[in-house]
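# Chain and residue survey
Given next are the chains, with one letter for each unit.
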Amino acid sequence: MHNELTKEDIKKMEEELEYRTGVLRPEILEEVKFARSHGDLSENFEYKAAKQRRGKNESRIRYLKNMIKTAVIIEDNSAPDEAGIFDKITYYIEEDDEEETVMLVTTVRHDALSNIVSIESPIGKALLGKKIGDKVTVSLENGFSYEVLIRNIEKGVDDGSLNIRAY
């Protein structure tokens, strides 16, 4: 499986990887050594916590390396009147009589609670490449679907302000 990521996504991941391997890893190893020196390891909470922190850091390093290695670099080639990556799209859900605005981003930067959705999510897939006035069907994995009407597209750019997700 390949994740579609932007050059900025890769840059942010490489920066985090460099920090985790060059700065954080040595710090954590020192914590483990120090905690180990306190004696009985079976009842040494500091040692267990340091080992757990080391495990989480190593897991994140593996994740970042894998994401960078398998990524497919994409660019926003959407037309000025089409929904693309980093655009804010306002759509209307007729059956709920609700209007929502979301920003389309790559998988590593989404934050559904802030209405920042991935282009690989059901709503992201449905909106990507569409135009104002288009009525699109959002198909969910459980077989349920609903229609939305695109009311506005505000073009955006990747200014680097959105961080990559922790996990």
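None of these values were measured; they are calculated from a predicted model.

About the cut-offs
Residues numbered from 1 in each chain as written. Predicted model: local features only at pLDDT ≥ 70, side-chain atom pairs only at ≥ 80, totals over all residues. Heavy atoms only, no water. Helix = DSSP H or I, 4+ residues; strand = E, 2+ residues; numbered from the N terminus. Rg over C-alpha atoms; globule rule 2.2 N^0.38 Å. Buried < 20%, exposed > 50% of the residue type's maximum accessible area, 1.4 Å probe, protein only. Contact = heavy atoms within 4.5 Å. Areas by Shrake-Rupley, 256 points an atom, 1.4 Å probe, with all protein chains shown as cover. Lys, Arg positive; Asp, Glu negative; His and termini not counted. Charge placed at Lys NZ, Arg CZ, Asp CG, Glu CD. Pairing = 2+ DSSP bridges. Axes fitted to C-alpha atoms, helices over the stretch in contact; angles between N-to-C directions. Core = buried A, V, L, I, M, F, W, Y, C linked by side-chain atoms within 4.5 Å. Parallel < 35°, antiparallel > 145°, perpendicular 65-115°, else oblique. Left-handed = near helix turned anticlockwise from the far one by under 90°. Nonpolar A, V, L, I, M, F, W, Y, C, P; charged D, E, K, R; others polar. Salt bridge = Lys/Arg side-chain N within 4 Å of Asp/Glu carboxyl O.

### Focus: the overall build of the protein chain
Along its length, the protein chain carries 3 helices and 7 strands. Ordering the α and β elements of the protein chain from the N terminus gives β-α-α-β-β-β-β-α-β-β. Relative to its length of 167 residues, the protein chain is extended, with a C-alpha radius of gyration of 21 Å against a globular reference of 15 Å. Within the protein chain, buried positions represent 37% of all 167 residues. Contacts in the protein chain between residues at least 24 apart in sequence constitute 58% of all its contacts with a sequence separation of at least 6. As displayed, the protein chain offers around 10,200 Å² of accessible surface, 50% of which is attributable to carbon and sulfur atoms. Between the centroid of the 25 positive side chains of the protein chain and the centroid of its 34 negative side chains there is a distance of 9 Å.

### Observations concerning the sheet that holds strand β6 (residues 135–139)
With mixed pairing, 5 strands are arranged side by side in an open sheet as β5-β4-β3-β7-β6. The open sheet terminates on both sides in strands that have one partner only, identified here as β5 (116–118) and β6. Neighbour-to-neighbour, the strand axes of this sheet turn through a mean angle of 45 degrees, independent of strand direction. The sheet contact formed by strand β4 (residues 98–105) and β5 spans 3 bridges and is parallel. Residue pairing across strands places Met 103 opposite Ile 116, the latter belonging to β5.

### As for the nonpolar core
Most often, soluble globular proteins have nonpolar side chains that are buried together. If you look at the biggest cluster of nonpolar residues, it comprises 24 residues, and the most contacted ones within it are Ile 89, Tyr 91, Leu 104, Ile 123, Leu 127 and Val 148. Those elements that place two or more of their residues in this core are β3 (88–93), β4, β5, α3 (122–127), β6 and β7 (145–154). Those residues in contact with Leu 104, other than ones at most four positions away along the chain, are Ala 83, Gly 84, Ile 85, Phe 86, Asp 87, Ile 89, Val 117, Ile 119, Gly 124, Leu 127 and Leu 128. Counting 10 residues, the second largest nonpolar core, distinct from the first, contains Leu 5, Leu 17, Ile 61 and Met 67.

### Remarks on the pairing of β3
With 5 of 6 residues buried, β3 lies mostly within the body of the structure. Inspection of the sheet shows β3 paired to β4 by 6 bridges, in the antiparallel sense. Within β4, the position partnered with Lys 88 by the bridge is Met 103. A loop of 4 residues connects β3 with β4, the two strands running antiparallel in sequence, and Asp 97 in this loop sits at a positive phi of about 50 degrees.

### Digging into the packing of helix α1 (residues 7–36) against helix α2 (residues 45–70)
Axis separation between α1 and α2 bottoms out at 9 Å; the angle between their running directions is 160 degrees. Judged by the inter-axis angle, α1 sits roughly antiparallel to α2. Here α1 and α2 pass one another in a crossing that is left-handed. Considered class by class, the residues forming the contact of α1 with α2 number 15 nonpolar, 2 polar and 13 charged.

### Re the pattern of salt bridges
A complete count under the given rule lists 13 salt bridges for this structure. In this structure, Arg 109 and Asp 9 form a salt bridge, with 2.5 Å as the shortest nitrogen-oxygen distance. Of this pair, Arg 109 sits in the loop between β4 and β5 while Asp 9 sits in helix α1, placing them 100 residues apart in sequence. When sorted by exposure, Arg 109 lands in the same class as Asp 9, which is buried. Here Lys 135 ties to Glu 94 by a salt bridge, and the two come within 3.6 Å at their closest N and O atoms. Here Glu 94 lies in the loop between β3 and β4 and Lys 135 lies in strand β6, a separation of 41 residues in the sequence. Glu 94 matches Lys 135 in its accessibility class, with the two residues each being exposed. Here the salt bridges share partners, and the residues they tie into one network are Asp 9, Arg 109 and Asp 158.

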